[in-house]
Amino acid sequence: MMWPAVSAMFIKWAPPFEKSRIIGFATSGANIGNVIALPLGGFLCGLEDGWKLMFYLFGFLGILWFVLFVCLTADSPLEHRFISSEEKSFVITHTCEDFSKINEEEPLRTKVNKPYRIPWMSIFTSKPSIAIFIAHLCHNWGNYMFLTQLPSFMKDVLRFDIKSNGLFSSIPYISCWMCAMISSVISDKLIISGTISKSSIRKIFNGIGLIVPMIAVLLLSMVTCANPYMGVVLLAFGVGFLGCNSGAGFQVNINEIGGDFSGILFGISNTFATISGIVSPYIVGVLTPDSTQHEWQHVFYLTAVIYLFGAIVYILFSKASIEKWAKNCN
């Protein structure tokens, strides 16, 4: 529920020339969570009843985040209690330019509060929407597969002990965070310069965010316990470049085509994409009953095919301008 809610806020808070950075910075916090949780989890699991403490700790942090989110955020700059007049004017002025493309005849306050009919059929039949759904699904396949199975691969194939496992398992997510940050900055600079179209920028970065991981997992299929640190390097590339998708790829693109329906579009996309979180751990379990390097090769081959499929579909059918159904929202 959090991801669609935050995505809906971006349309009123993120100026077009800062959108990649704002969305990339905000969503990459999930990678920082993995960086902290994986080594910390490895350390706590080494203690007596440490796994219980891990649940208490992260449960408390979740409650703390919720309190801060409720107190410090608002749907729009108009409703925020702590924003300065200068920042409010800046955000409204530049996001209002985006709103004017949706409906030029209505003021910002009306658009923020006025209810509208959701064009479900148009969303589900839109080619750019479907391209985002598929790219998101393919991205999440690898993301969830590594998030849930990476410690097993580290232990069974690369032969890392549990404490080293937690530390090395966090390295790919440091890389992912860095890629999200860097790609979002480069993307916004390219948009400001006008040297390349916004649609091409999204296709390029999303292509990088799936093709580089595809190459990395193919190379990873040849790694054994004889060269475990090469496996860590390849994992850093394989998981790391997925960050380009959230920093400058489909995850930013949702707000560009969805307008006021960005939250709904993200909710639909995330629902489809989360299927990967259910299916991929099961498929990995079926393909690796003995957790051998040879069995993991089949996992990586399948993941490479899924990445390639997602990249091709997104490059062919995505766009970076608001969809017609998102303009006619009343």
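Structure: above.
Below is a short write-up of the structure. Since this is a predicted model, take the numbers as computed values, not measurements.

### Brief notes about the environment of A311
For step 1, the next point in the chain: Relative to the helices and strands, A311 resides in helix α15 (residues 293-317).
For step 2, the next point in the chain: The class for A311 is buried, based on a relative accessible area of 2%.
For step 3, the next point in the chain: Sequence separation between A311 and L210 is 101 residues; the distance between their C-alpha atoms is 5.9 Å.
For step 4, the next point in the chain: Those residues within four positions of A311 in sequence are excluded, and the remaining contacts are L210 and I211.

### Observations concerning the environment of A135
For step 1, the next point in the chain: Positionally, A135 belongs in helix α8 (residues 127-156).
For step 2, the next point in the chain: Residue classification places A135 among the buried positions, given a relative accessible area of 0%.
For step 3, the next point in the chain: Each C-alpha atom, one on A135 and one on V67, is 33 Å from the other, the two residues being 68 residues apart in sequence.
For step 4, the next point in the chain: Setting aside residues no more than four positions away along its own chain, A135 makes contact with N206, F250, G310 and Y314.

### Some points on the layout of surface pockets
Any space left empty among the atoms is revealed by the rolling of a water-sized probe across them.
For step 1, the next point in the chain: Estimated volume of the largest pocket: approximately 1300 Å³.
For step 2, the next point in the chain: As for the largest pocket, its lining consists of 42 residues, of which M2, W3, T27, G29 and A30 are closest to the centre.
For step 3, the next point in the chain: Ranked by the residues each element gives to the lining of the largest pocket, the list is headed by helix α3 (residues 29-45), at eight residues.
For step 4, the next point in the chain: The residue makeup of the lining of the largest pocket, split by class, is 24 nonpolar, 16 polar and two charged.

### Here we look at the packing of α8 against helix α10 (residues 198-220)
For step 1, the next point in the chain: Two numbers describe how α8 lies on α10: the axes approach to 11 Å, and their chain directions differ by 35 degrees. Remark: the crossing between α8 and α10 carries left-handed chirality. Contacts between α8 and α10 involve A135, H139, F146 and F153 from the former and N206, L210, V217 and L220 from the latter.
For step 2, the next point in the chain: Its residues placed into classes, the contact of α8 with α10 shows six nonpolar, two polar and no charged.

The rules behind the values
- Residues numbered from 1 in each chain as written.
- Predicted model: local features only at pLDDT ≥ 70, side-chain atom pairs only at ≥ 80, totals over all residues.
- Heavy atoms only, no water.
- Helix = DSSP H or I, 4+ residues; strand = E, 2+ residues; numbered from the N terminus.
- Buried < 20%, exposed > 50% of the residue type's maximum accessible area, 1.4 Å probe, protein only.
- Contact = heavy atoms within 4.5 Å.
- 1 Å grid on protein atoms, 1.4 Å probe; cavity = no way out; pocket = protein on both sides within 12 Å on 5 of 7 lines; lining within 4 Å.
- Points joined across faces, edges and corners; volume = space filled by probe spheres on them.
- Nonpolar A, V, L, I, M, F, W, Y, C, P; charged D, E, K, R; others polar.
- Axes fitted to C-alpha atoms, helices over the stretch in contact; angles between N-to-C directions.
- Left-handed = near helix turned anticlockwise from the far one by under 90°.

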